[in-house]
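Observations on the model geometry
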Amino acid sequence: MAEAAAGIRGYGLIVAMWVRTTMAYRLSFAMTALGNLLMTAADFAAIAIMFSHTDVLGGFTFAEVALLYGTTSTSLGLADLLLGNLDRIGRRIRDGTMDTLLVRPVPVFAQIAADRFALRRIGRVLQGLIVLVWSLTALDGVAWTPVAVLLVPVMVLAGAAIYGAVFTCGAAFQFWATDAAEVQNSFTYGGNTLTQYPPTIFSKELVRGVTFVVPLAFVNWLPALHVLGRDDPLGLPGWVDFASPLVAAACCALAGLAWRTGLRGYRSTGS
Amino acid sequence: MIEVEDLEKVFVVRRRAGRLRRTKHEVRAVGGISFAVPRGEVVGYIGPNGAGKSTTIKMLTGILTPSSGRLRVVGIDPARERTRLARRIGVVFGQRTTLWWDLPLLDSYRLMRRMYRIPDDRYRANLERCTEQLGLGELLEVPVRQLSLGQRMRGDIAAALLHDPEVLYLDEPTIGLDVLSKAKVREFLRELNADRGTTVLLTTHDLSDIEQLCRRVMVIDHGRLMYDGGLDGLHAVGESERMLVVDLERELPPIDVAGCRTVRVEGPRQWLAFPAGASAAPLVAEVAERWPLVDLSVREPDIEDVIARMYA
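I will try to describe carefully the structure that is included in this document. Computed from a predicted model, the values in this text were never measured in an experiment.

1. Notes on the interface of chain B and chain A
With 30 residues of chain B at the interface, the matching set in chain A holds 26 residues. Between chain B and chain A the total buried area reaches about 2500 Å² when both faces are included, carbon and sulfur atoms providing 59% of it. The largest contributions to the chain B side of the interface with chain A come from Ile63(B), Arg82(B) and Met115(B), which together make up 25% of the buried area. Applying the counting rule to chain B against chain A returns three salt bridges. Note that Lys58(B) and Asp99(A) form a salt bridge whose closest N and O atoms lie 3.2 Å from each other. In this assembly, chain B and chain A are joined by eleven residue pairs in polar contact (both at pLDDT 80 or more).

2. Describing the layout of surface pockets
The calculated volume of the largest pocket comes to roughly 1400 Å³. If you go around the largest pocket, you meet 42 residues; those closest to its centre are Glu3(A), Pro107(A), Phe109(A), Trp259(A) and Arg260(A). Secondary-structure elements contributing two or more residues to the lining of the largest pocket are helix 1 (2–23), helix 3 (62–83), helix 6 (108–114), helix 8 (146–173) and helix 12 (244–269) of chain A together with helix 2 (82–86) of chain B. Per-element accounting of the lining of the largest pocket gives the leading share, nine residues, to helix 1 of chain A.

3. Considerations on the sheet that holds strand 3 (residues 42–46) of chain B
Residue and element names in this part refer to chain B. The six strands are arranged 5-6-7-3-8-9 in an open sheet whose pairing can be described as mixed. The sheet is open, and its two edges are formed by strand 5 (89–93) and strand 9 (224–230), each paired on a single side. On average, each strand axis in the sheet is tilted by 15° relative to the strand beside it, whichever way the strands run. In terms of strand pairing, strand 6 (residues 167–171) meets strand 7 (residues 199–203) through five bridges, oriented parallel. Counted as the bridge partner of Leu-168 is Val-200 from strand 7.

Rules of the game
Residues numbered from 1 in each chain as written. Chains lettered and ligands numbered in written order. Predicted model: local features only at pLDDT ≥ 70, side-chain atom pairs only at ≥ 80, totals over all residues. Heavy atoms only, no water. Contact = heavy atoms within 4.5 Å. Buried area = accessible area lost by both parts, 1.4 Å probe. Salt bridge = Lys/Arg side-chain N within 4 Å of Asp/Glu carboxyl O. Polar contact = N/O pair within 3.5 Å; in protein donor to acceptor, adjacent residues only side chain to side chain. 1 Å grid on protein atoms, 1.4 Å probe; cavity = no way out; pocket = protein on both sides within 12 Å on 5 of 7 lines; lining within 4 Å. Points joined across faces, edges and corners; volume = space filled by probe spheres on them. Helix = DSSP H or I, 4+ residues; strand = E, 2+ residues; numbered from the N terminus. Pairing = 2+ DSSP bridges. Axes fitted to C-alpha atoms, helices over the stretch in contact; angles between N-to-C directions.

Structure, rendered in structure tokens:
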């Protein structure tokens, strides 16, 4: 517990410093954040264009797909903003600067995650939120029970935690293979692209894979299906729609274990 | 302050043997060394490349976990309580900076202050002292990446000392520095040790670092401690020689003086070797009295030579 507190405090200190530095050049920050927002907006434009030719995709309307898009993008954006720099660890191991982090009184994970904190990545979060809010206003026929209302923020946060766990596992893997960043990218950024679309357009095998192997289906598909009042293509029991926080917690525990194992390995081999 | 007993570090190296087969090799980087450094001592830790110096330092700072042996630094087991130890030691890596590359020096220091929870008055006093003695005044606002190697090294040393560490490790602190920067760094370390009683362990390839700073030298080779004692004793053990180079007025037959041997003659210049433990003064006096001397210089033996002679 004390270590977690020290980590959060250290993370905050380093992030605050980078934000201060970024804000010294306000205009430059505003431009890059806007650029970031527009770049991520481009892939939503692709979906919008698709719906100008058809009314439904895999049985989902434009507003429904927008809900999927908004939730997964916001989740990934949050994880990317907070932990996206973890993938620099491979480089730090290769050039030996990893050692300088180990002699400071702050957990290494916090130091690497906060290193070069890029506030401009808030662009993706904003873009995701804009799409999400629009989809909530555009959806019709949704029964907004208290549970459904609560499920939206819960799925965004649980989704961010799941993506964060994947980032962490990817970083931990770099202790063994220092150039493995691409594998992790295929799960995070690739997973994001996947979960923007309804599960019904993919093969059952793929949906099974992202439910049981890398649990990306819990980022938004399963809880969103409940909000939209639809059955999931795998026919899983109904409670699974609410399991995202549990799955996220399990993912984080697993990621923590992987990280610790990796760091212990590094400290016994020095490479 | 530092207690080391039978410290060992064994790395397992996998090598390719044939197409798919891999064989495991054990490499004993540090093989059972023991020593103790009392508070306030300045110790030079030397040895050829790959002798186990860095591995030892990494174990003493908690970066690496030892394979076996007992290890205590300020009463703390480094591998177990790395972050607690971090508050009480300072580390300077000559080859890589601990500063934030893109930030002005002062921003790095401010962050250090909060990271190490340094009380305001201590921080101000230490920063002022370091700034003055290391000549950092005009550099505080400069991003680290724009500093020269010597400036960066001084910046790194200051960063390692802001939190009043009891032990300071320096891994090649003068590597690649010009004469002026070297002198400044040595002077500063000497004062630090005298004023604060900071215990210093430094690795180096530069024998003059050792001569100017350390009363005690430890020599490591192939992971074993080969020598631990005073610098004079090291020269005696290694039978190393200093070289007196004299320029005479004209070409003359080899100089013949007791206590040295003439190893080379080249026109009016002659090279006289004498034991490193002996003083150069009487030799210079005698040569000056009996030969027409124009100029002279004394060359110190190279650290690598000393060590090479020790184990030849």
